[in-house]
Amino acid sequence: MSKKFFLITFLAVLLTACSEPGKKQTNTLLINSKKLEYSRISDPAAWATVFKLAKTQHDTMEIIKSLSHVHDPALLPLLETLIREERQDSVLISLISAVGLIGHKNSEILLMKIPYSEYSPDVRRAIIKALAHCCSEKSVGFLSNLLNDPNLRSEVLQSLAICARKEFVDYETIQKVKNSSPIVDRPLAYFFYNSRSLADAAYYVNRLDSTASPIAKKYLLKALYTLHQKKPAFFVDLIQPDSVLFARIKNSLVSTLKSAGQPWQSKYYALHLSGAFFDSLHVDLVKSFVDHENPHLKIAATRALVKIDSAHGELFLLSKIGELQNVYLKGVLIKILAEQNSPIAYRFIMENLDKGNQYFKGLLLEALARTKSKYAFKTLRQFLSVDNDYLRNKAFDLLNNLNKIRNKDAALLLQSDAVSSFSMAMEWINKHRRKQPLEFLIDKYRLFSFIDGFEAQRQILRSLELFHPQIEPADFDSLYTHASIYQIKRKLHERYPALAKQYSVSEQPLFTMPEYLGIDSLLTIGSHPVVALKTEKGLLKIELYPEEAPLTVKNFLSLARKGFYDNLSFHRVVADFVIQGGDPLGDGWGGPGYVIPSEDNLLPYERGSVGIATSGYDTGGCQFFICQSEQPHLTGNYTLFGKVIENIDIIDSILPGDKILGIEIVK
């Protein structure tokens, strides 16, 4: 179906909807706005027609949500007109948020054109938050000039912090931020963590014990830990053992570990830092966390003990490895041992490589890589041929990090039919400018024409761009016909515009989803459904948000009803960040056989927030993550569709390999 025919049909349906009364008319209008949304229609005229037919403020707000998900800068002029004409704050805030979610450089221009001083504080906050999604030097300058407003300072600092994460913040702005408050509160500490300004490390160390809240202290400790990990030489030069700064950090670490009021995340970073600041006098304090119920504190304490007292710490490690029942924790301790005593660790590794699940074996391969012996490299290369995608990819990744990949290692994975293995090898090939035959690339492209093959196709297109910028029409036709998802077709249009003229990316449908995910079904979800997610560590109750992400919620509930998630694993756990699961392959590369449209929103990612994991916009499916702490930089970048409302502490005990026993719909 052509784009023109789709729009004519759509507008005809809308005109019919105008004659329908009440709720039925509203439902028809919203369904049609969803059709525009899920078709990713960027024609301003079509959306303007929808807005004209809205009868209530609720209708208007729902249409704005749908429009914001299209992510096309072609809609910005329409949004500018709507903003200029709108007088209701709530609608204005939604329009401004939509501009931010589009995230284009023209979004930034539009946001800074809005007469900021003429609007209420709530509208100003919306502008400040939206600018975080389209950072540049201009928006940073605009935001830094607002730091003196005490009522908006928190939002300004958070947006500046996200811009700092993208490396858009200059020295002058950092100094303005430092002078914005006499105490280090949460917004200021969050900014420092994201800016990671080495020059200002001493400034923040001096304020470690005068923070305004526990969360502020956590961000300072996390920032210092990150600096220590990434710039150890600078850190040692800055903080000499006989210096005031050294003593101040040491005292702060002790108080953090002893305080009942500090969150576990603060203790986690304190334990990691303690290995560099504590001596034998503090062994008992660190030891008190070795058997902690939180596995992240247990691991951090064990690592710290080994650093504080390597001789006794090694014996302690050996005894713990022998008595631990949890195989994942045992693997972590063997990895720590590999940093201290390679020969003993090597023996443990080789004795256990045929035991446990793939996540345990993956840890042993990581430990093996840390020994950096020629036997380690040989064993890792042997794993490039195993019949397990996760372990094969782990071995390749470790060899790559050690700069030990050979051409024939990459060639071996290029023969794989697994999307993950082929994509990793192809990425290495492209990075190192290794030309592949055109016929081979097109054959592989056809092989990965299924939905979950899009990452492999992306890497192939990258290779074509590097080495085969000119291709024959017949080859282009094959590429277009076998594109796995619509984004691949868009890339083909961008790279081969002359050959693509006869094709339209807007051919319908863009998404091939199961029938039970039809737009009409979104009206039957109900308000705030609740699910019980059963894990090996206990039961979590999660409230879902269909009003913000209806298709995502419908998809999640449908997969849960089918038993799709039963006995799948949490395959990714990052302390103080997220736990991630729901992948049928168990390695982060799997999906349900289709992708769903992204429904990004500006709900804040807080502790317990549940989001959809993706490999880019409109590539979500079944994988989800749960935040262990607030993550402001995720807001607007991943679809947030729920939040844990009961037994939230369970998420802190989950480790890679822990099972999802099932998901039951309780409301």
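Quick summary incoming for the structure in this document. (Residues numbered from 1 in each chain as written. Predicted model: local features only at pLDDT ≥ 70, side-chain atom pairs only at ≥ 80, totals over all residues. Heavy atoms only, no water.)

If you trace the 8 strands once around the closed barrel, you get β1-β2-β7-β5-β6-β4-β3-β8, paired in antiparallel fashion. Strand-to-strand, the axes of this sheet are offset by a mean angle of 35 degrees, without reference to chain direction. Pairing of strand β4 (residues 578-581) with strand β6 (residues 624-627) involves 4 bridges; the strand directions are antiparallel. Each bridged residue has a counterpart across the sheet, and for Val 578 the counterpart in β6 is Cys 627. The strands touched by helix α32 (residues 550-561) are β1 (530-535), β2 (538-544), β5 (609-612), β6, β7 (640-646) and β8 (659-665); relative to β8, the strand with the most contacts, the crossing angle is about 110 degrees. (Pairing = 2+ DSSP bridges. Helix = DSSP H or I, 4+ residues; strand = E, 2+ residues; numbered from the N terminus. Axes fitted to C-alpha atoms, helices over the stretch in contact; angles between N-to-C directions. Contact = heavy atoms within 4.5 Å.)

Looking now at the packing of aromatic side chains. Tallied over the full model, the rule gives 26 aromatic pairs. Relative to Tyr 219, the ring of Tyr 190 lies with its centre 5.1 Å away and its plane at 65 degrees, an arrangement referred to as edge-to-face. Within this pair, whereas Tyr 190 is found in helix α12 (residues 186-195), its partner Tyr 219 is found in helix α14 (residues 214-230), the two being separated by 29 residues in sequence. The pair Tyr 190 / Tyr 219 is uniform in exposure class, with both members buried. With centroids separated by 5.5 Å and ring planes inclined at 75 degrees, the aromatic side chains of Tyr 486 and Phe 511 adopt a geometry described as edge-to-face. Placement of Tyr 486 in helix α31 (residues 486-495) and of Phe 511 in the loop between α31 and β1 is noted, with a sequence separation of 25 residues between them. You can call Tyr 486 buried: its relative accessible area is 6%. (Phe/Tyr/Trp six-rings, centres within 6.5 Å; stacked < 30°, edge-to-face > 60°. Buried < 20%, exposed > 50% of the residue type's maximum accessible area, 1.4 Å probe, protein only.)

This next bit is on the nonpolar core. One finds Ile 96, Phe 191, Phe 277 and Phe 278 to be the most contacted residues of the largest nonpolar core, which totals 104 residues. When residues in this core are grouped by element, the largest group, 8 residues, is from α14. Core analysis: the next-biggest nonpolar cluster, separate from the first, contains 74 residues, Ala 376, Tyr 390, Trp 428 and Ala 483 among them. (Core = buried A, V, L, I, M, F, W, Y, C linked by side-chain atoms within 4.5 Å.)

With that settled, consider the pairing of β2. As paired elements, β1 and β2 share 6 bridges and run antiparallel to each other. Directly across from Thr 535, in β2, lies its bridge partner Gly 538. Two successive antiparallel strands, β1 and β2, enclose a turn made up of 2 residues. Looking at chain direction, β2 and β7 are connected through 4 bridges and run antiparallel. In the strand pairing of β7, Glu 543 is matched with Lys 643.

Let us now look at the state of the cysteines. Following the criterion strictly, the structure yields 1 disulfide and no others. The disulfide bridge from Cys 135 ends at Cys 163, spanning 2.0 Å between sulfur atoms. Since a negative S-S torsion denotes a left-handed disulfide, the Cys 135-Cys 163 link at about -75 degrees is left-handed. Pair noted here: Cys 135 is in the loop between α8 (121-131) and α9 (137-144) and Cys 163 is in helix α10 (residues 153-165), with a separation of 28 residues, a long-range link. Classification of Cys 135 by relative accessible area gives buried; the value is 11%. (Disulfide = S-S within 2.5 Å.)

Attention now moves to the packing of α8 against α10. Here α8 crosses α10 at 10 degrees, and the two axes come no closer than 8 Å. The angle between α8 and α10 places the two elements in the roughly parallel class. Where α8 crosses over α10, the handedness of that crossing is left-handed. Residues Arg 125, Ile 128 and Lys 129 of α8 pack against Glu 155, Val 156 and Ser 159 of α10. Class assignment of the residues belonging to the contact of α8 with α10 gives a composition of 2 nonpolar, 1 polar and 3 charged. (Parallel < 35°, antiparallel > 145°, perpendicular 65-115°, else oblique. Left-handed = near helix turned anticlockwise from the far one by under 90°. Nonpolar A, V, L, I, M, F, W, Y, C, P; charged D, E, K, R; others polar.)

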